Amino acid sequence: MNANQTQVKTWAIVPASGKGLRMGADRPKQYIDIAGKTLIEHTLSTLLSLEAISQCLVLTSVSDIYWSALNISKHPKILTLNGGLERMDTVHQGLEALSGKANDLDWVMVHDAARPLLKKSDIENLFQAIDGHPIGGLLGIPVRDTLKKVEENHDKAADVMETVDRAQLWQALTPQVFRYGPLKAAYEEAIRNKKLVTDESQAIELTGGRPKIVACEHINLKLTLAQDLEIFQCLLS
């Protein structure tokens, strides 16, 4: 990460307002304890170790009863805000909160609270790859498994329609890092056109932008289902 770029700052946005219903836990998944710390504490520890980050915006649910009890919520670089109903609403609220602080050319790094395995070296590789880029980019991995398109999606079974060519397909991960001006404009356009976007790259793509995707060299899984817990216990212990 180039921390010496003249007057170009880096801001972090961590959406943490989801309820994680698919986990079936007694609390949102970001507050599940793994190896002595909650998931969000593992995640934020990595982000806060980056000297170039000016401020980290953590956006939680208005009904959240867990976040304020964590010591990390009092970190001087953390600003706590209320998130929205959808991920895109939450990120947009974070971008709005940076208005008047961030310049159009500043970097905004958005990272999932439920991705605690992120390595500092992968963040540095991403920033090196987008250095001087007019828009930005994201971490990802080339799709390695055979992909099937199904007729109707179900959790447990579905009818296969066809095999999808994976030659040009990548799985998008976070962090995703974009210039503040283009990213804020992209989200505003998506909201204005009532387009539901699931990540920052998609918002940029809808405006005609072409983000750079950079291979993530380490495991960077997102905790989603209860059966994932055993893997995270092993990797974070």
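Residues numbered from 1 in each chain as written. Predicted model: local features only at pLDDT ≥ 70, side-chain atom pairs only at ≥ 80, totals over all residues. Heavy atoms only, no water.

**Section: the nonpolar core**
Here is the rule: Here, nonpolar core refers to any group of buried Ala, Val, Leu, Ile, Met, Phe, Trp, Tyr and Cys residues whose side-chain atoms link them within 4.5 Å. Only protein chains enter the accessibility calculation, which uses a 1.4 Å probe; a residue is then buried when its area is under 20% of its type maximum, exposed when over 50%, and partly exposed in between. Elements are defined by DSSP. Helices are runs of H or I of four residues or more, strands are runs of E of two residues or more, and each kind is numbered from the N terminus. By the convention used here, residues are in contact when the closest approach between their heavy atoms is within 4.5 Å.
Counting residues in hydrophobic clusters, the biggest one holds 31 residues, and the most contacted among them are Ile40, Leu44, Val58, Trp67 and Met109. Those elements giving two or more residues to this core turn out to be β1 (10–16), α1 (39–48), β4 (53–60), β6 (107–110), α3 (120–130), β7 (136–142) and β10 (170–179). Those residues in contact with Trp67 that lie beyond four places of it in its chain are Tyr31, Ile40, Leu44, Val58, Thr60, Ile72, Ser73, Ile78 and Thr80. Counting residues in each nonpolar core, the second largest holds 21 residues, with Leu57, Val110, Leu183 and Ala203 among its members.

**Concerning the packing of helix α2 (residues 87–97) against helix α4 (residues 180–192)**
This is how the line gets drawn: Here an axis means a line fitted to C-alpha atoms, over the contact stretch when the element is a helix, while the angle between two N-to-C directions is reported on a 0 to 180 degree scale. If an angle is under 35 degrees, it is roughly parallel; if it is over 145, roughly antiparallel; if it lies from 65 to 115, roughly perpendicular; otherwise it is oblique. Each crossing is labelled by how the near helix is turned from the far one, with a counterclockwise turn of less than a right angle marking it left-handed and a clockwise turn marking it right-handed.
Between α2 and α4, the shortest axis-to-axis distance is 10 Å and the interhelical angle comes to 135°. The angle between the axes of α2 and α4 places the two elements in the oblique class. For the pair α2 and α4, the sense of crossing is left-handed. On α4, the residues touching Arg87, Met88, Val91, His92, Leu95 and Glu96 of α2 are Tyr180, Leu183, Lys184, Tyr187, Glu188, Ala190 and Ile191.

**Quick look at the sheet that holds strand β5 (residues 78–82)**
Two strands in a sheet stick together by hydrogen bonds in their backbones, pointing the same way (parallel) or opposite ways (antiparallel). Applicable threshold: The pairing criterion is simple: DSSP has to find at least two bridges between the two strands.
The mixed open sheet is built from seven strands, whose spatial order is β5-β4-β1-β6-β10-β7-β11. On the outer flanks of this sheet lie β5 and β11 (212–215), each paired with one strand and no other. Between one strand and the next, the sheet's axes are offset by a mean angle of 25°, whatever the strand orientation. Judged from the four bridges that link them, β6 and β10 form a sheet pairing that is antiparallel. Bridge pairing links Val110 to Gln176 in β10. Sitting on the sheet, α1 is in contact with β1, β4, β5 and β6, with an inclination near 160° to β4. Against the sheet, α4 makes contact with β6 and β10, and its axis sits at roughly 115° relative to β10, the strand it touches most.

**Digging into the side chain of Thr90**
Its location among the elements puts Thr90 in helix α2. Setting aside its immediate chain neighbours within four residues, Thr90 contacts Pro15, Ser17, Leu59, Gly83 and Gly84.

**A short note on α4**
For clarity, the threshold we go by: A helix is expected to reach a length of 1.5 Å times the quantity of its residues less one.
If you check α4, its first and last C-alpha atoms are 18 Å apart, about what 13 residues at 1.5 Å a residue would give, namely 18 Å. Listed in full, the buried residues belonging to α4 are Tyr180, Gly181, Leu183, Lys184, Ala186, Tyr187 and Ala190. Each element contacted by the buried residues of α4 is listed here: α2, β6, β10 and α5 (200–206). Backbone geometry just downstream of α4 places Lys194 in the positive-phi region, at approximately 55°.

**Quick look at the packing of aromatic side chains**
Rules: Pairing of aromatic rings covers Phe, Tyr and Trp, the last counted by its six-membered ring, and requires centre-to-centre distances within 6.5 Å; plane angles under 30 degrees mean stacked, over 60 mean edge-to-face, and any other angle means tilted. Lysine and arginine charges are scored as sitting over a ring when NZ or CZ, respectively, is within 6 Å of the ring centre and within 35 degrees of the ring normal.
Enumeration according to the criterion identifies two aromatic pairs in this entry. Centroid distance Trp107 to Phe127: 6.3 Å. Interplanar angle 90°. Geometry classified as edge-to-face. Here Trp107 is found in strand β6, whereas its partner Phe127 is found in helix α3, with 20 residues between them in sequence. The burial state of Trp107 is the same as that of Phe127; both residues are buried. Here the guanidinium or amino end of Arg179 rests over the ring plane of Trp107, the centre of that ring lying 3.8 Å away.

These results come straight from atomic positions and should not be treated as a statement about function.
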